[in-house]
Amino acid sequence: MADATRPGIAANGGCTAPVDRRAPSIGLVLGGGGARGLAHILMLEVFDELGIKPKIIAGTSIGAIYGAAYAAGLSAREIRAHTEDILTKRTGLLRELIAGGIQGVGGIWNIFQARNSLFAPSALLNVVLPRAVPQDFRELEIPLRIVASDFYALEPLVLASGPLRPAVAASMALPVIFEPVVMGGRTLIDGGLTNPLPFDLLMGEADVLVAIDVSGTTTPSPKRQRPTALEALFASSFLFERSIVREKLKAHQPDIYIDAGTGRYQALEFLKVREILAAAEPAKAELRAKLMRVLGAEVLTVPAPETVPALEPPAGRGKRMRRLMPRIKP
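Residues numbered from 1 in each chain as written. Predicted model: local features only at pLDDT ≥ 70, side-chain atom pairs only at ≥ 80, totals over all residues. Heavy atoms only, no water.

**What about the confidence of the model for the chain?**
Part 1 of the argument: For the chain, per-residue confidence averages 79 on the pLDDT scale, and residues scoring 70 or more make up 71% of the total.
Part 2 of the argument: Note that pLDDT drops below 50 for residues 2-20; the model gives that stretch 27 contacts with residues more than four away or on any other chain.
Part 3 of the argument: Contacts of residues 316-330 to residues separated by more than four positions or lying in other chains number two contacts, the stretch itself having pLDDT below 50. (pLDDT = per-residue confidence, 0-100. Contact = heavy atoms within 4.5 Å.)

**Observations concerning the nonpolar core**
In a soluble, globular protein the nonpolar side chains are often hidden away together inside.
Part 1 of the argument: Counting 74 residues, the largest nonpolar core has Leu287 and Leu291 as the members making the most contacts within it.
Part 2 of the argument: It is helix α2 (residues 62-71) that contributes the most residues to this core, eight residues altogether.
Part 3 of the argument: The contact partners of Leu291, leaving out residues within four places of it in the chain, are Ile26, Val46, Phe47, Leu50, Ile52, Val210, Ile256 and Gly296.
Part 4 of the argument: Grouped together as the second largest cluster of nonpolar side chains are ten residues, Ile56, Leu209, Ala211 and Leu249 included. (Core = buried A, V, L, I, M, F, W, Y, C linked by side-chain atoms within 4.5 Å. Buried < 20%, exposed > 50% of the residue type's maximum accessible area, 1.4 Å probe, protein only. Helix = DSSP H or I, 4+ residues; strand = E, 2+ residues; numbered from the N terminus.)

**So, empty space enclosed by the protein**
Part 1 of the argument: Inspection of every chain in the model, using the stated rule, returns one cavity of 30 Å³ or more.
Part 2 of the argument: Of the voids in this model, the largest cavity is the one considered here, and its volume is about 260 Å³.
Part 3 of the argument: Around the largest cavity, the lining comprises 23 residues; the ones closest to its centre are Gly34, Ser61, Ile62, Ala267 and Phe270.
Part 4 of the argument: Among the elements of the structure, α2, α3 (76-87), α6 (121-128) and α8 (229-251) are those that each provide at least two residues to the lining of the largest cavity.
Part 5 of the argument: Class assignment for the residues of the lining of the largest cavity results in 14 nonpolar, seven polar and two charged. (1 Å grid on protein atoms, 1.4 Å probe; cavity = no way out; pocket = protein on both sides within 12 Å on 5 of 7 lines; lining within 4 Å. Points joined across faces, edges and corners; volume = space filled by probe spheres on them. Nonpolar A, V, L, I, M, F, W, Y, C, P; charged D, E, K, R; others polar.)

**Let's talk about the packing of aromatic side chains**
Part 1 of the argument: Under the counting rule described, the total for this entry stands at one aromatic pair.
Part 2 of the argument: Taken together, a centroid distance of 5.0 Å and an interplanar angle of 85° make the contact between Phe151 and Tyr152 edge-to-face.
Part 3 of the argument: Given a relative accessible area of 62%, Tyr152 falls into the exposed group.
Part 4 of the argument: In this arrangement the basic side chain of Lys248 is found over the ring face of Phe199, its NZ or CZ atom lying 4.5 Å from the centre. (Phe/Tyr/Trp six-rings, centres within 6.5 Å; stacked < 30°, edge-to-face > 60°. Lys NZ or Arg CZ within 6 Å of the ring centre and 35° of its normal.)

**Remarks on unusual backbone geometry**
Part 1 of the argument: The phi dihedral of Ser61 is positive, around 55°, even though this residue is not glycine.
Part 2 of the argument: Relative to the helices and strands, Ser61 resides in the loop between β4 (56-60) and α2.
Part 3 of the argument: Its identity is not glycine, yet Leu154 carries a phi of approximately 60°, on the positive side.
Part 4 of the argument: Exposure remark for Leu154: the relative accessible area of 73% places this residue in the exposed category.

**Comments concerning the side chain of Glu241**
Part 1 of the argument: Inspection of the secondary structure puts Glu241 in helix α8.
Part 2 of the argument: Despite its burial, Glu241 pairs with no opposite charge, the nearest such side chain being Arg36 at 7.2 Å.
Part 3 of the argument: When sequence neighbours within four positions are dropped, the list of residues in contact with Glu241 reads Gly32, Gly192, Leu193 and Pro196. (Lys, Arg positive; Asp, Glu negative; His and termini not counted. Salt bridge = Lys/Arg side-chain N within 4 Å of Asp/Glu carboxyl O.)

**Concerning the environment of Ile189**
Part 1 of the argument: Mapped onto the fold, Ile189 is located in strand β10 (residues 186-190).
Part 2 of the argument: Relative accessible area serves as the criterion here: at 9%, Ile189 is assigned to the buried category.
Part 3 of the argument: Distance in space between the C-alpha atoms of Ile189 and Ser171 is 6.2 Å, their sequence separation being 18 residues.
Part 4 of the argument: What Ile189 contacts, discounting residues up to four positions off in sequence, is Ala148, Ser149, Phe151, Ala170, Ala173, Pro175 and Pro180.

**Thoughts on the pattern of salt bridges**
Part 1 of the argument: The tally for this structure, following the rule as stated, stands at 16 salt bridges.
Part 2 of the argument: Of the charged contacts, one joins Glu45 and Lys284 as a salt bridge, the two residues approaching to 2.8 Å between their closest N and O atoms. Linking Glu45 in helix α1 (residues 40-50) with Lys284 in helix α10 (residues 281-300), this pair joins segments that are 239 residues apart in sequence.
Part 3 of the argument: On the basis of relative accessible area, Glu45 is assigned to the buried category, the value being 11%.
Part 4 of the argument: A salt bridge links Arg186 to Glu155, with the nearest nitrogen and oxygen atoms 3.1 Å apart. Here the residue Arg186 occupies a position in strand β10, and Glu155 occupies one in strand β7 (residues 155-159), the gap between them amounting to 31 residues.
Part 5 of the argument: A relative accessible area of 26% means that Arg186 is categorised as partly exposed.

**With respect to the packing of α2 against α3**
Part 1 of the argument: As a packed pair, α2 and α3 sit with axes 10 Å apart at the nearest point and diverge in direction by 130°. With respect to their mutual orientation, α2 and α3 come out oblique. Taken as a pair, α2 and α3 cross one another with a handedness that is right-handed. Contacts between α2 and α3 involve Tyr66, Ala69 and Tyr70 from the former and Ala76, Ile79 and Thr83 from the latter.
Part 2 of the argument: For the contact of α2 with α3, the class distribution of residues is five nonpolar, one polar and no charged. (Axes fitted to C-alpha atoms, helices over the stretch in contact; angles between N-to-C directions. Parallel < 35°, antiparallel > 145°, perpendicular 65-115°, else oblique. Left-handed = near helix turned anticlockwise from the far one by under 90°.)

Below you can see the structure in the form of structure tokens.
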């Protein structure tokens, strides 16, 4: 939170000391969650509507995609327009994915044999990531940290410099669906498998830490008691991602935590973009209210009055003055 020692209003003989109205800096964390992470767009809209920008951003998986777009200087309106345009043109989306490197129908049957995935993550990335997003971290307007998982080292890897798009591709490389990304001799997969909501990376980096959790929950189907094989495959990743987030929250908590409320959607239901955005509206309102409350408290905090030196009592009246003065504990 903000520094409590900031100068503010102080009563001193009717004079008012200068007030530091610097808005507190904000660290924004966008978590992973597949198509559920489309809700991040609405959270970015809140920042634009309030006229504030994060000092630093951290993102995992789809949070890395939207974190990169926002850090590049795109507005939430531009990001939303691009996303809706791409995801509502289903034929065009599928055509671009096929042209960009889908393994083909045979890949579904051979997935557990020779092939390592159905898609190359760069194929989807080239579709969903606006072209205005630069190629390198150093070209971003806002510092960005991206989380991927090292497949062989069994640990998270934080990427904050060098080529940007491969880093985003690595962060979203969900096993089976997307092939791993090799960077610097390391084989990287989805960052959500090791750090789905990386608010720990930004602790101490900003006055206010905001974390958007889109890991969601599993929702029973009204049509059947058991999940399908595909539902179980994707929901299992959400299960342990959610568990990781819960354990992290027991140790430390961000200043503002938002559950985006899109848990009933599956990982790859991107074509339900409008439904997902509508489902995230309550979370958007919650974030707006919490940001306004925190920012208002930070900017308008009144510090303790300035200390006024004690006056020496007149001669002969020391004892009486001491009786009238309250005792002040050191």
